[in-house]
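These are the residues of each chain, in order.
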Amino acid sequence: MSYTIGGQRFATRRDVRAHASAVLNRTGLGEVMQGEDELFTRELLAQHPRVAQKHGVGVAAITVAVMPEWGTRNFLVLREDGSVDNWSIKKCITNLRPDAAPTGRSNHVHSR
């Protein structure tokens, strides 16, 4: 099984989690995600079991903040209406589905 998120392929959920943690920890507090990290985090957020609630009226950006209640770094979704919500990497990964298994059929066209 493998998992593709943000155009990147991961062999295991543990690999997805390790990459998500690396992105979380290398991003500056309050820094808006861009490039590959933005694509990865948006697609990871799309796996959240309450994605509609997390997206709200639409996602303007994703950033990182320290949550005062826990003292930990977390991803935040910044919505288009100005509201903000945190989201759990763990919940997204728990809900993650593997890539579709190959059908065994080749898409290669043979010529005679």
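Criteria and thresholds
Residues numbered from 1 in each chain as written. Predicted model: local features only at pLDDT ≥ 70, side-chain atom pairs only at ≥ 80, totals over all residues. Heavy atoms only, no water. Helix = DSSP H or I, 4+ residues; strand = E, 2+ residues; numbered from the N terminus. Buried < 20%, exposed > 50% of the residue type's maximum accessible area, 1.4 Å probe, protein only. Contact = heavy atoms within 4.5 Å. Pairing = 2+ DSSP bridges. Axes fitted to C-alpha atoms, helices over the stretch in contact; angles between N-to-C directions. Parallel < 35°, antiparallel > 145°, perpendicular 65-115°, else oblique. Left-handed = near helix turned anticlockwise from the far one by under 90°. Salt bridge = Lys/Arg side-chain N within 4 Å of Asp/Glu carboxyl O.

(A) Molecular detail of the overall build of the protein chain. For the protein chain, the helix and strand inventory stands at 4 helices and 5 strands. The order of α-helices and β-strands along the protein chain, N terminus first, is β-β-α-α-α-β-β-β-α. Among the 112 residues that make up the protein chain, the fraction classed as buried is 36%. A fraction of 51% describes how many contacts in the protein chain between residues 6 or more apart in sequence connect residues 24 or more apart.

(B) Just the pairing of strand β4 (residues 72-79), in detail. As paired strands, strand β3 (residues 59-67) and β4 are joined by 8 bridges and run antiparallel to one another. What sits directly across from M67, in β4, is T72. Both β4 and strand β5 (residues 84-87) contribute to a ladder of 4 bridges, which runs antiparallel. By the bridge assignment, L78 is partnered in β5 with V84. Here β4 folds back onto β5, and the loop between the two strands holds 4 residues, one of which, G82, carries a positive phi near 90°.

(C) Geometry of the sheet that holds β5. As summarised here, the arrangement of the 3 strands in space is β3-β4-β5, forming an open sheet in which the pairing is antiparallel. The open sheet has two free edges, formed respectively by β3 and β5, since each of these has just one partner strand. Here the strands of the sheet are splayed against their neighbours by 35° on average, with no regard to which way each runs. Against the sheet, helix α1 (residues 13-26) touches β3 and β4, its axis set at about 85° to β4. Sitting on the sheet, helix α2 (residues 35-45) touches β3, β4 and β5, and the angle it makes with β3 is about 90°.

(D) Main features of the packing of α1 against α2. At their nearest, the axes of α1 and α2 sit 11 Å apart, and the two run at 125° to each other. Relative to α2, the element α1 is oriented oblique. Handedness of the α1/α2 crossing: left-handed. In this structure, α1 uses V16, H19, A20, V23 and R26 to contact α2, whose residues at the interface are D37, F40, T41 and L44.

(E) Region of interest: the pattern of salt bridges. Overall, the coordinates contain 5 salt bridges when judged by the stated rule. The salt bridge partner of D37 is R26, with a shortest N-O separation of 2.7 Å. You can see D37 sitting in helix α2 and its partner R26 sitting in helix α1, a full 11 residues away along the chain. The salt bridge partner of E38 is R42, with a shortest N-O separation of 2.9 Å. Of this pair, E38 and R42 both sit in helix α2, separated by 4 residues, roughly a single helical turn. Shared partners join several salt bridges into a network, and the residues in it are K54, R79 and D85.

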